[in-house]
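# Observations on the three-dimensional arrangement
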Amino acid sequence: LFSVSTEAGEDEQDSLTHAFELVLSGEGLETNLQVTPTATGGNPNVAYGDHIIYLYTVSPTVIEGRVGGEFGPIALRITLNNPTSLSDASITVEQILAIDHGDDGDDYDTELPLLLEDGTLGVKLTSTLTDNDADSDDDDHTVTLIDDEESFVSFDDDGPAIDVVGGQGQVSALALNLDETLSAL
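Notes on the structure in this doc start here. On a predicted model such as this, the values are computed, not experimentally measured, just so you know. (Residues numbered from 1 in each chain as written. Predicted model: local features only at pLDDT ≥ 70, side-chain atom pairs only at ≥ 80, totals over all residues. Heavy atoms only, no water.)

Here the focus is the pairing of strand S5 (residues 74-81). One face of the sheet, then the other: side chains in a regular strand alternate in exactly this way. The pairing of strand S4 (residues 62-67) with S5 spans 5 bridges and is antiparallel. When the bridges of S5 are listed, valine 62 appears paired with threonine 79. (Pairing = 2+ DSSP bridges. Helix = DSSP H or I, 4+ residues; strand = E, 2+ residues; numbered from the N terminus.)

Here's what the structure looks like:
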């Protein structure tokens, strides 16, 4: 996503540092995603307000998707790992609540991208070059990861699967043992 070129000058390079951060273009950005309704064994029994997921900045390395607004339950989390490493930085996406895939005809192999109705989520890189007499210069650039058309995140509805296979043997192989022994009270 990024390339960094440097020129330290006659004093030569002392250090080069990098810092990534996640950048939302606003707070409470509405996504195209909704959580499924409350269900036993599924999403908790919480008054959501609405079921839409909105994105909020928690820190420069964490974005949370909350249901119904700023104080709703967390539905998803996007975390930037190793934000000072140009080679080892990565992003983790956690789905915490069940995402509603809409009317997909119960096709359990559908994919739903995370899109923002009005705004962007980007990753920003700031690089700072310092020379041997402590002069420094920095530059930054932001790359859009999610907007209203493109996204690096999607949620698959993989649905349940079951196979029932008949075993071998006869019904007569089943046995019922009835114990009619009287016990002393």
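Resuming the write-up.
On to the side chain of glutamate 64. Mapped onto the secondary structure, glutamate 64 falls in strand S4. Judged by relative accessible area, which is 8%, glutamate 64 ranks as buried. Apart from the residues lying within four places of it in its own chain, the contact partners of glutamate 64 are Tyr54, Leu55, Tyr56, Val58, Ile74, Leu76 and Arg77. (Buried < 20%, exposed > 50% of the residue type's maximum accessible area, 1.4 Å probe, protein only. Contact = heavy atoms within 4.5 Å.)

Let us look at the nonpolar core. Among the nonpolar cores identified, the biggest contains 27 residues, and Leu33 and Leu121 are the most heavily contacted of them. Every element with two or more residues in this core is listed here: strand S1 (13-24), strand S2 (29-34), strand S3 (52-59), S4, S5, strand S8 (121-131) and strand S9 (136-146). Per-element accounting of this core gives the leading share, 4 residues, to S5. Setting aside its immediate chain neighbours within four residues, leucine 33 contacts His51, Ile52, Ile53, Leu76, Ile99, Leu112, Pro113, Leu114 and Phe155. (Core = buried A, V, L, I, M, F, W, Y, C linked by side-chain atoms within 4.5 Å.)

Taken in spatial order, the 5 strands make up an open sheet running S2-S3-S4-S5-S6, and their pairing is antiparallel. Taken across any chain shown, the strands that pair with only one partner, and hence form the sheet edges, are S2 and strand S6 (90-95). Going across the sheet, the axis of each strand differs from the next one's by a mean of 25°, ignoring polarity. Pairing between S3 and S4: 6 bridges, direction antiparallel. Each bridged residue has a counterpart across the sheet, and for tyrosine 56 the counterpart in S4 is glutamate 64. (Axes fitted to C-alpha atoms, helices over the stretch in contact; angles between N-to-C directions.)

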